[in-house]
Amino acid sequence: MLGHQTVEMDADRPVWVFESVYRSEYPGLVAVAAALTGDREGARDLVQDTMVKAFVRWNRISVMERPGAWCHHVLVNACRSRLRRRATERRFMATLPRHEAVTLPVSDEVIAFWGIVRTLPARPRTVVALYFAAGMTSVEIADVLKVPEGTVRSDLAAARRLVMHSLRGDSDD
Amino acid sequence: MTDFIDDVDTEDWEEFERLGRRAGAELRTAPPDSAIEGIERAVRRRAMTRVVAGTLAVALLAGAAFAMFRGREGADDTPVDQTTEPTVPLPAGAPGTWRELADTDLPVSTAFDLTGTWTGSKLIVLGGRSPQGGSMVAAAYDVRDDAWQPVAPPPEELQSPFGSAWTGSELLVLDGRGHVVSYDPDTDSWRARSAPDVDVRFAGDVSRFGVSESGVLARSAGGWWWYDEAADVWSAVPSPDAQFDRANSPTAAAVVWLEALTPDAFVQSTYDGPIAFTVFDVSSKTWTPTREVEIPPVTRMPPRCQTADAHLVCFAEGSGTLDGVVIDVGTAESMSFTLGSHSNSLSTVGTPWFGHAWRLLLARTAEWEALPPLKGVTGFSAAVWDGQEMLMFGTTGDTGERSGPFAAAYTPVVKP
């Protein structure tokens, strides 16, 4: 999914064009943010914030091998901050309604899937989101999260077991 | 994508893949047509804010320089706000009160030479290796979460942080050996900046570097150098008046300091009887003529000089007192002060305040504000001004009432 769309600005230094990266990465970024936060509208805001940060640093990012990896890395950090903040808000505002914030018409099966994924520990949760929502390979996920590829594989396998058991209502592990 | 299936439950994998692919596909949406324009608008807003702030600062410095040349009395007293504006809604306590902040995971107990930098939404703390060894410490305090978060370990070559500044997108850090690195909180990653071609290592008690959000001004035995943060390039710049050469071999009576006055201006001050100072303007790469200010005769030791709200504050410990002077660099007008006992003192600077001896000085108006005691705390390591509160942190030592790291925020009565 992180396909290269370089434009030769000069012979020695191919660089990425912001708009093409934006258009190609946006769907996956929004999906990852929505999957991690459960908030589709908030996901768009997080992606816009991320891309503003990318635009400001574009001189540096445009020469990276995979600018999309940088964007996903920043987005995942922003999602973590958003979740931490939400947890803080809940601690102090116990009256907040606890509803599922996915706002777009997605199927019950999909809501259930991401609902279970969001109960996973932080790293496996992020790995699953990047794998399915952004369509990344384990190598690409390892690059985004700065962890060994084996860790990604292990997280994905563990996530699969937990998610499938939860979906089936299994009580064993 | 299932090339790494490592167990035999293929059916489970296939169902997981089917569900996951569908779950991912249903969340994907193409960007709306207006999205790119939205980004360009947001970036333009950010750029405009910085241009306005920069223009104000340059205009002010130009006015100050003009005033120096003309020697006129009185100058534009518009404050130069060096504080990074908050980018998020901030909590604040009642004026004149302390608000204790979370100190769990505040890794300062063994750190040396702590610095704190405000990014607009977070306080990033860096500490050097202690004399006994150990590692650099780094952490970020998020005011909205009231929580400290770990920061990726700084590069090995970075020694005790000499100074740091927020560039608008990264934390620029300089150590005493001339290493410049930057930290990007969005990616939680560090990157090395280009190294100077000359030896600009920190020497003795002479401050040879000034760090601001636009770069680093450094002085070596062979001359003066400017590091442009945006271009990642070091270049030679003119030296100031010859009289400052005497500080090349500092003695007890001739000491030189270099501090960022605003993002685009630095003040160099020396002490050799009077305080002498000159301002370096980054955009024109020029120094203003040197001015001198007599300091109070009660001062017994060579003073230290620091900046607060575009003013120079120089102070020295006397016999049981702290004597000092606040200098308006635009007019060279000065106001001396003497504080009582300096034991158990607060020694910190957080623009626009200068703090010492449990008092805050608003440099622009020379107003002092006494701080109420904070139980068990005898001093702070560093502080930053976040736009509403002074965020302070450090270690208490063992006071009997409390010990270990702590952090607190003070809301001043007098507003900058």
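Anything mentioned here points back to the structure above.
Not measured: the values here are computed from a predicted model.

**Q** For this particular structure, what's the right way to read the overall build of chain A?
**A** The secondary structure content of chain A amounts to eight helices and two strands. Reading the secondary structure of chain A in the N-to-C direction produces β-β-α-α-α-α-α-α-α-α. Relative to its full complement of 173 residues, chain A shows a buried share of 52%. For chain A, long-range pairs separated by at least 24 residues make up 62% of all intrachain contacts whose partners lie at least 6 apart in sequence.

**Q** Please explain the interface of chain B and chain A as it appears in this structure.
**A** For an interface, size is often stated in terms of accessible area lost upon the parts coming together. Taken residue by residue, the interface counts 45 residues in chain B and 52 residues in chain A. Summed over both sides, the interface of chain B with chain A buries roughly 4500 Å², with 61% coming from carbon and sulfur. The interface formed by chain B and chain A includes nine salt bridges. Its salt-bridge partner being D186 of chain B, residue R57 of chain A comes within 3.2 Å of it at the nearest N-O pair. Counting across the chain B and chain A interface gives 18 residue pairs in polar contact (both at pLDDT 80 or more). Those elements giving two or more residues to the side of chain B that touches chain A turn out to be α1 (10-27) and α2 (35-70) of chain B. Per element, the largest residue contribution to the side of chain B that touches chain A is 14 residues, and it comes from α1 of chain B. Residue composition of the side of chain B that touches chain A, grouped by class: 16 nonpolar, eight polar and 21 charged.

**Q** Explain helix α2 (residues 40-56) of chain A to me, please; I cannot follow it from the model alone.
**A** With 17 residues, α2 of chain A extends 25 Å from end C-alpha to end C-alpha; this agrees with the ideal 24 Å at 1.5 Å per step. Between the side-chain oxygen at the start of α2 of chain A and the backbone nitrogen of E41 of chain A there is a gap of 3.2 Å, and the oxygen is on D39 of chain A.

**Q** I keep staring at the sheet that holds strand β12 (residues 223-228) of chain B and nothing clicks. Help me out?
**A** Each strand in a sheet pairs with another by means of backbone hydrogen bonds, the pair being arranged parallel or else antiparallel. Residue and element names in this part refer to chain B. On the basis of which strands lie adjacent, the open sheet formed by four strands has the order β10-β11-β12-β13 and antiparallel pairing. The open sheet terminates on both sides in strands that have one partner only, identified here as β10 (209-212) and β13 (233-237). With direction set aside, neighbouring strand axes in the sheet form an average angle of 20°. Here six bridges tie strand β11 (residues 215-220) to β12, and the two strands are oriented antiparallel to one another. Paired with R219 across the bridge in β12 is W224.

**Q** Could you clarify how one ought to interpret the environment of L130 of chain A in this entry?
**A** All names here are of chain A. Within the element layout of this structure, L130 appears in helix α6 (residues 122-133). In this structure the C-alpha to C-alpha distance between L130 and A33, which are 97 residues apart in sequence, comes to 9.4 Å. Beyond its immediate stretch of four places on either side in the chain, L130 contacts V32, H72, V76, G135, M136, I141, V144 and L145.

What counts as what
- By convention here, each chain's residues receive numbers from 1 onward along its written sequence.
- Here every chain gets a letter starting at A, and every ligand a number starting at 1, in the order they are written.
- This being a predicted model, a pLDDT of at least 70 is required before a residue's local features are given, and a value of 80 or more before pairs of side-chain atoms are given or counted; all residues contribute to the totals for chains, interfaces and linings.
- Where side-chain values are given, they derive from all heavy atoms of the structure, hydrogens and water being excluded.
- To qualify as a helix, a DSSP run of H or I must reach at least 4 residues; to qualify as a strand, a run of E must reach at least 2; elements of each kind are numbered from the N terminus.
- Three exposure classes are used, based on accessible area relative to the maximum for each residue type with a 1.4 Å probe and protein chains only: buried under 20%, partly exposed in between, and exposed over 50%.
- Any pair of residues with heavy atoms lying within 4.5 Å of one another is described as a contacting pair.
- As a working definition, buried area equals the accessible area (1.4 Å probe) given up by two parts on being put together, with both sides summed.
- Whenever Lys or Arg places a side-chain nitrogen within 4 Å of a carboxyl oxygen from Asp or Glu, that contact is recorded as a salt bridge.
- The term polar contact refers here to a pair of N or O atoms within 3.5 Å; inside protein, the definition further demands a hydrogen-donor-capable atom paired with an acceptor-capable atom, and it admits residues adjacent in sequence only when both atoms are side-chain atoms.
- Here the term charged refers only to Asp, Glu, Lys and Arg, the term nonpolar to Ala, Val, Leu, Ile, Met, Phe, Trp, Tyr, Cys and Pro, and the term polar to all other amino acids, Gly among them.
- To estimate the expected span of a helix, subtract one from its residue number and multiply by 1.5 Å.
- At least two DSSP bridges between two strands are required for those strands to pair.
- Axes here mean lines fitted to C-alpha atoms, for a helix over just the part in contact, with angles spanning 0 to 180 degrees between N-to-C directions.

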